[in-house]
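Here's the letter readout for the chains.
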Amino acid sequence: MPPEGNGAVITAKDVTRVYGQGETTGQALRGVSLDVARGKLTAVMGPSGSGKSTLMHILAGLDAPTSGEVTIEGTGLSTLDDTALTKLRRQHIGFVFQFFNLLPMLSAEENIRLPLSIAGRKSDPTWFEELLHAMGLTDRRSHRPAELSGGQQQRVAIARALVSRPTVVFADEPTGNLDSATSGEILELMRASVDSFGQSTVMVTHAARAAAMADRILFLDDGLIVRDLGRVTSHEVLSVMEELAGR
């Protein structure tokens with residue numbers, strides 16, 4: 001069931017990120033403000049070096065802004081020490097990576113349960129079986145990553161991100177290491193996790209096809225949000241990307 005409530009699960013206000021000092025200073029983010037909507041899929045796009053990965057890391061509490069503030073479910077990240085920040089990520093954040101990041105010595109089921117094991121929590125058996133079924137992994141639960149295809153490994157990674165019922169899932173180029181047909185299947189699963197489970201999701205992507213699955217698309221360029229669109233076609237996404245490339 002989708003989570004109760006509405007509004008924003010994550011809020012960023014006037015976020016900047018500066019790297020280096022003196023002549024080597026680089027400004028990855030130049031004052032970004034946004035709300036991540038509850039129960040929606042938000043895509044973040046932009047040319048290489050636009051700041052989209054930096055933004056994702058800051059929104060997820062993996063990096064700290066040079067200035068500005070990020071809140072997750074009303075908690076300001078700047079107020080937390082490292083221990084509290086780690087606990088907050090375990091409670092609120094799930095991750096899906098381009099290269100799966102599965103532990104090779106663990107089975108699919110053990111990889112999926114890993115976030116719960118680290119947090120000292122037990123899984124809800126009904127939810128766990130529902131998740132395995134939704135990801136098409138019921139008959140692959142005992143397989144290790146080397147025995148799975150790339151698409152199956154990414155299904156395991158998505159289930160691992162969802163198993164703790166996080167406030168928000170961050171997906172970093174989730175189809176970047178997959179072929180076109182498998183990418184389509186993974187995107188459908190990402191979309192279904194939002195529609196069926198109410199899973200708030202932020203997806204960084206280069207792919208117009210992936211962005212077109214989103215409820216909202218943020219386009220970054222030179223550390224700023226330069227376009228903010230709702231549901232559009234992949235053709236419209238490509239048009240905006242071509243426009244930004246021509247700047």
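Just above sits the structure.
Quick caveat: nothing in here was measured; it's all calculated off a predicted structure. (Residues numbered from 1 in each chain as written. Predicted model: local features only at pLDDT ≥ 70, side-chain atom pairs only at ≥ 80, totals over all residues. Heavy atoms only, no water.)

## Observations concerning the pairing of strand β3 (residues 41-45)
At step 1: Most of β3 is tucked away: 5 of the 5 residues are buried.
At step 2: Along β3, one buried face is formed by Leu41, Ala43 and Met45 and the opposite face, lined by Thr42 and Val44, is buried too.
At step 3: Pairing geometry for β3 and strand β8 (residues 200-204), over 4 bridges, is parallel. Each residue of the ladder has a partner; that of Val44, found in β8, is Val204.
At step 4: With 4 bridges joining them, β3 and strand β9 (residues 216-221) adopt parallel strand pairing. From the neighbouring strand, Met45 faces β9, where its bridge partner is Phe219. (Buried < 20%, exposed > 50% of the residue type's maximum accessible area, 1.4 Å probe, protein only. Helix = DSSP H or I, 4+ residues; strand = E, 2+ residues; numbered from the N terminus. Pairing = 2+ DSSP bridges.)

## Points about the pattern of salt bridges
At step 1: As enumerated under the stated definition, the model contains 13 salt bridges in all.
At step 2: Across the pair Asp222 and Arg30 runs a salt bridge whose closest N-O atoms are separated by 3.4 Å. Highlighted residues: Asp222 in the loop between β9 and β10 (224-229) and Arg30 in strand β2 (residues 26-37), separated in sequence by 192 residues.
At step 3: On the accessibility criterion, Asp222 (46% relative accessible area) is partly exposed.
At step 4: For the salt bridge of Glu129 with Arg141, the shortest nitrogen-to-oxygen distance reads 2.7 Å. Here the residue Glu129 occupies a position in helix α4 (residues 125-134), and Arg141 occupies one in the loop between α4 and α5 (150-162), the gap between them amounting to 12 residues.
At step 5: According to the relative accessible area criterion, Glu129 is partly exposed, its value standing at 35%.
At step 6: Note on Arg141: relative accessible area 22%, which makes it partly exposed.
At step 7: A cluster of three or more residues bridged by salt bridges with shared partners is formed by Glu109, Arg113, Glu129 and Arg141. (Salt bridge = Lys/Arg side-chain N within 4 Å of Asp/Glu carboxyl O.)

## What to know about the sheet that holds β8
At step 1: If you walk across this open sheet you meet the 6 strands as β6-β7-β8-β3-β9-β10, and the pairing is mixed. Strands at the two margins of the open sheet, each flanked by one partner only, are β6 (93-96) and β10. Each strand of the sheet is rotated relative to its neighbour by a mean of 20°, with strand direction disregarded.
At step 2: Together, β3, β7 (168-172), β8 and β9 form the strand contacts of helix α1 (residues 52-59), whose direction differs from that of β7 by roughly 155°. (Axes fitted to C-alpha atoms, helices over the stretch in contact; angles between N-to-C directions. Contact = heavy atoms within 4.5 Å.)

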